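Commentary on secondary and tertiary structure
Each chain, letter by letter, is given below.
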Amino acid sequence: MQASQSGQFHIRKVAVCGAGVMGAQIAAHCVNAGVPVVLFDLPAKQGDPSGNVLKAIAQLRKAKPAPLGTPELADLITAANYQTDLHRLAECDLVIEAIAERMDWKLDLYKQLAPAIKPGAIVASNTSGLSITRLAQALPESLRARFCGVHFFNPPRYMPLVELIPTVDTQPALLDALETFLTTGLGKAVVRAKDTPNFIGNRIGVFGMLSVFSQARKFGLSYEQVDELTGARLGRAKSGTFRTADVVGLDTLAHVIRTMWDQLPNDPFHQVFAMPPVVEALIEKGALGQKTGAGFYRKDGKTILRLDPEKGEYVPADAQIDESVAALLAERDPAKRLRGLRESQHPQAQFVWSLLRDMFHYSAFHLAEIADTARQIDQAMIWGFGHQQGPFEIWQAAGWRDVAEWIADDIKQGKALSSAPLPDWVFNGPVNEAQGVHTAKGSWNPTAQAFQPRTGLPVYQRQVGAPRLVGESSDLDAQTVYEDDAVRCWTLPAPHPSDVLIVSFKTKMHTLSPDVLKGVQHAVDIAEGSFSALVIGQLADPFSAGADLKSMLPLFESGGPGAVEPIERAMQDMVLRLRYAQVPVVAALAGMALGGGCELALHCARRVAHFETYLGLVEAGLGLVPGAGGLTWSARRAAELQALGAPDAPLLAYLKRFAFPIAQATVTTSALHARQIGYLLPSDPVVMNRHELLYVAVREAHAMAEAGWRPPMPSLFPVAGRDGIATLKGQLVNMLVGGFISEHDFHVAATIAHVMCGGDLDPGERVDEEWMLAREREAFLGLLAHPKTQERIMGFVKTGKPVRN
């Protein structure tokens, strides 16, 4: 690791030791972020010495969910082995060990690696729960100050949480440098944990799973009932508990449970860590979950079966949850919801109250041991286990004192999983006075007996609008310039540039309703009058799910396609207003940017995209064509690429780059995939951390204005004409005859080809935007009148899923 003249450390290259699932996927995410990486493993017994790594890299291309932003990124991972390539460690500023969870294997590897590690490099273990202090003992004293734990959660691309675990010897400055790299460089959400077994996330999360096992047996609930009760209705991952266990792998779950049983003999909840007999039985049968095709659940054709532990066989997973319990879980008032669950006599409600009580009890009892503050426990559960709220948040929102008394009463009556009392700080002192562990001053640190503010690490000054926990104060001191029911125009406080206006949408899924279209135009007016630049962006995903179909349907039903034409024209007017605005307009993209949302982004002067941005002109899936300038933009961009590349090459070769993704309603799988297709330009920055998106976008817009940005001038551009239409239609005929598309798919795709090629014109004839936009409107409204398109739209509005016809 190198230090700059300012004293900051830069991690320029990473080594990952261990090419198993986690190691390979950590390496994959490094190349996602543009960080060069060397992936090591044992030498292969035959062939290429790095053959084991090469196989792991090949597997990355096929893995689901995709660990790579694009499959081609696999080529950027350097394959290496411990026998011939240890010298490559001298190139690396960060060395991450990610081999199997065997202490003896890790210690042996460290002795082998240590002599080759670059002076000043950080060394870290990705262990999920082994002692970092003990691992450090295998390293020379000169390396111990640069060693720590860095626990990624699986899958590394998608799970935000990384736990950072120092030893008493770890240099604080290097820990800060690593947290900065993980946060900005890889887009992770970092929680610092103490060096205790399973750290924070797995310690609390796996205890919570074991509590579910215990309480489900007690209340006689089936696995599918438990998953329904502990999934989205409870603000957790929709897969619930047992489906999640199947996805994780029962062998992996068993390893973490054994670690807790072996390493926590004095934990008052130790009996909960006993291996559930059903898990042991399934592992003995080789039923490890999703990867073996059976676990708690098994799929039989399209039928989902679940294990009946009494019979030892799979039965239909069709048990339901009680309507009264469902109503309690839907209660929006957290105090009423929790009180209702506790007071209900229904076993399903008692089950939910019991598992929440267990989580509150365990988290409070062990807070001082495993974490510095209550914030770290809540964040670990949100970022590492997909919970909407952490245990302390739920407790505090429901009324701190009341819930504390309920827990204490259950402990006294022997209903809790342990007789261990709640800590004194729960009932006395600052927490009792504040009615919770999270306050505007900070989160409760039981060791310091004080509320501790969030870290002041400079990297977090880049985050705009990052979510805060219940009880915390917002750090977003924004100034509202204009607001109505559809949009809000606002600016960031100093030290952010004050000359950049931001407009955000207030509609559900940030759809483009008629009022949003007006609001965007008004935002451009405000920006041109009083600001230097405009950013279009949201504080929460998605960027925009596109046009508001529900608002169009009543108009269509009452007046037919003609009644929709004004909205269609307004969409086109809006994107042209953005393209020719007299200030630079930057789209800050994250999550979905579909249909009209994608077209809006394409017409901005620049786009800044979070890595997990999913762009697509998807109207063909509804039997329509993109009607807000998407086809016009694609035709013009194809002409620009021809002029920039090989002017003598046929225009159609460039047009196909856009035509087939549009006809197939392709949605990009990452920002890098969007760049491949051409929806993002090489000049459009990609950021890894979602919460840094507006920070970067605002500065990008400010820099463009400072550089004297000017909008493009309207100009004519060539189109492929009737020859291009004929060629594209010929390829579509082959797809139709081959059974790859339906008759209506063919009709829609042929219409797209007609518009993108400019209509019945000579090849190379030059047209303007208005010509192309008129073709778009005609095609959009014509398809809207088609019965099969109407069938697709109605089906989508009712079910949220595309209809194939």
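Computed from a prediction, not measured in an experiment: that's the story for all the values here. (Residues numbered from 1 in each chain as written. Predicted model: local features only at pLDDT ≥ 70, side-chain atom pairs only at ≥ 80, totals over all residues. Heavy atoms only, no water.)

1. Regarding the overall build of the chain
Of the regular secondary structure elements, the chain holds 30 helices and 25 strands. Taking 2.2 N^0.38 as the reference for a compact globule, 805 residues should give roughly 28 Å; the C-alpha atoms of the chain span a radius of gyration of 29 Å, in line with that estimate. Expressed as a percentage of its 805 residues, the buried residues of the chain come to 57%. For the chain, contacts bridging at least 24 residues in sequence account for 69% of all contacts bridging at least 6. Looking at the chain as shown, the accessible area adds up to about 32,800 Å², and 53% of this sits on carbon and sulfur atoms. Side chains of the chain give 76 positive and 84 negative charges; the mean places of these two sets differ by 2 Å. (Helix = DSSP H or I, 4+ residues; strand = E, 2+ residues; numbered from the N terminus. Rg over C-alpha atoms; globule rule 2.2 N^0.38 Å. Buried < 20%, exposed > 50% of the residue type's maximum accessible area, 1.4 Å probe, protein only. Contact = heavy atoms within 4.5 Å. Areas by Shrake-Rupley, 256 points an atom, 1.4 Å probe, with all protein chains shown as cover. Lys, Arg positive; Asp, Glu negative; His and termini not counted. Charge placed at Lys NZ, Arg CZ, Asp CG, Glu CD.)

2. Quick notes on the confidence of the model for the chain
With 99% of its residues at a pLDDT of 70 or more, the chain has an overall mean of 95. Taken together, the stretch residues 3–7 has pLDDT below 50 and engages in three contacts with residues farther than four places along the chain or on a different chain. (pLDDT = per-residue confidence, 0-100.)

3. Topic: the environment of Ala408
With respect to the helices and strands, Ala408 occurs in helix α17 (residues 400–412). Judged by relative accessible area, Ala408 falls into the partly exposed class, the value being 29%. Leave out the neighbours within four places in its chain, and Ala408 touches Leu422 and Phe427.

4. Some thoughts on the packing of helix α7 (residues 201–219) against helix α15 (residues 374–385)
The packing of two helices is summarised by the inter-axis angle and the distance between the axes. In contact at an axis separation of 9 Å, α7 and α15 are set at 70° when each is read in the N-to-C sense. One element, α7, and the other, α15, form an angle in the roughly perpendicular class. Here Gly201, Asn202, Ile204, Gly205 and Val206 of α7 lie close against α15, whose contacting residues are Ile377, Ala380, Met381 and Phe385. Grouping the amino acids of the contact of α7 with α15 by side-chain chemistry returns six nonpolar, three polar and no charged. (Axes fitted to C-alpha atoms, helices over the stretch in contact; angles between N-to-C directions. Parallel < 35°, antiparallel > 145°, perpendicular 65-115°, else oblique. Nonpolar A, V, L, I, M, F, W, Y, C, P; charged D, E, K, R; others polar.)

5. Focus on the sheet that holds strand β22 (residues 606–616)
Taken in spatial order, the seven strands line up as β17-β18-β19-β20-β21-β22-β23 in an open sheet, and their pairing is mixed. Strands at the two margins of the open sheet, each flanked by one partner only, are β17 (479–483) and β23 (686–687). Here strand β20 (residues 533–537) pairs with strand β21 (residues 585–594) via four bridges, running parallel. Opposite Leu534, over in β21, you have Val585 as the bridge partner. (Pairing = 2+ DSSP bridges.)

6. Comments concerning the side chain of Glu224
With respect to the helices and strands, the residue Glu224 is situated in helix α8 (residues 223–229). Since its relative accessible area comes to 6%, Glu224 is described here as buried. In this structure the side chain of Glu224 is engaged in a polar contact, spanning 3.1 Å, whose partner is the side chain of Arg306. Contact partners of Glu224, with chain neighbours within four places excluded, come to Tyr297, Arg306, Pro316, Ala317, Asp318 and Ala319. (Polar contact = N/O pair within 3.5 Å; in protein donor to acceptor, adjacent residues only side chain to side chain.)

7. Details of helix α24 (residues 651–663)
For α24, which comprises 13 residues, the first-to-last C-alpha distance of 18 Å matches the rise-based estimate of 18 Å (1.5 Å per residue) to within 8%. Along α24, the helix axis deviates most sharply at Arg657, where the bend reaches about 35°; the proline Pro661 sits within four residues downstream. Where α24 is buried, its residues meet α23 (630–644), α25 (671–677), β24 (717–718), α27 (721–737) and α28 (743–756). The first or second residue beyond α24 is Ala665, which carries a positive phi of 55°. (Expected span 1.5 Å × (residues − 1). Bend = angle between axes of the 7 residues up to and from the residue.)

8. Focus on empty space enclosed by the protein
The tally for this structure, following the rule as stated, stands at three cavities of 30 Å³ or more. By volume, the largest cavity amounts to about 60 Å³. Elements with a minimum of two residues in the lining of the largest cavity: α24, α27 and α28. Grouping the constituent residues of the lining of the largest cavity by class yields eight nonpolar, no polar and no charged. (1 Å grid on protein atoms, 1.4 Å probe; cavity = no way out; pocket = protein on both sides within 12 Å on 5 of 7 lines; lining within 4 Å. Points joined across faces, edges and corners; volume = space filled by probe spheres on them.)

9. Some details on the sheet that holds strand β5 (residues 77–81)
The sheet built from eight strands is open, its strands ordered β5-β4-β3-β6-β7-β8-β9-β10 with mixed pairing. This sheet does not close on itself; its edge strands, each paired only once, are β5 and β10 (189–192). When the angles between neighbouring strand axes are averaged without regard to direction, this sheet yields 25°. Two strands pair when backbone bridges link them, and strand β3 (residues 14–17) and strand β6 (residues 94–97) are joined in this way by four bridges, in the parallel orientation. Looking across to β6, one finds that Ala15 is bridged to Val95. Sitting on the sheet, helix α1 (residues 21–32) is in contact with β3, β4 (37–41), β5, β6 and β8 (147–152), with an inclination near 170° to β4.

10. Here we look at the pattern of salt bridges
Scanning all chains against the criterion turns up 41 salt bridges. The partner of Glu91 in a salt bridge is Lys13, with the nearest N and O atoms 2.6 Å apart. Of the two residues, Glu91 sits in the loop between β5 and β6 while Lys13 sits in the loop between β2 (9–10) and β3, which places them 78 residues apart along the sequence. Of the charged contacts, one joins Glu228 and Arg233 as a salt bridge, the two residues approaching to 2.7 Å between their closest N and O atoms. On the basis of relative accessible area, Glu228 is assigned to the partly exposed category, the value being 36%. By relative accessible area, Arg233 is classed as partly exposed at 38%. Taken together, the salt bridges that share partners define one network made up of Arg342, Arg357, Asp358, Asp409 and Asp410. (Salt bridge = Lys/Arg side-chain N within 4 Å of Asp/Glu carboxyl O.)

11. Observations concerning the nonpolar core
Counting 115 residues, the largest nonpolar core has Phe296, Phe351, Phe392, Trp395 and Trp425 as its most contacted members. The element best represented in this core is helix α14 (residues 347–370), accounting for 12 residues. (Core = buried A, V, L, I, M, F, W, Y, C linked by side-chain atoms within 4.5 Å.)

12. Quick look at the side chain of Glu568
Positionally, Glu568 belongs in helix α21 (residues 561–579). The charged side chain of Glu568 is buried without a salt bridge, its nearest counter-charge being Arg777 at 6.6 Å. With residues near it in sequence (within four places) discarded, Glu568 still touches Gly627, Ala628, Glu776, Arg777 and Phe780.

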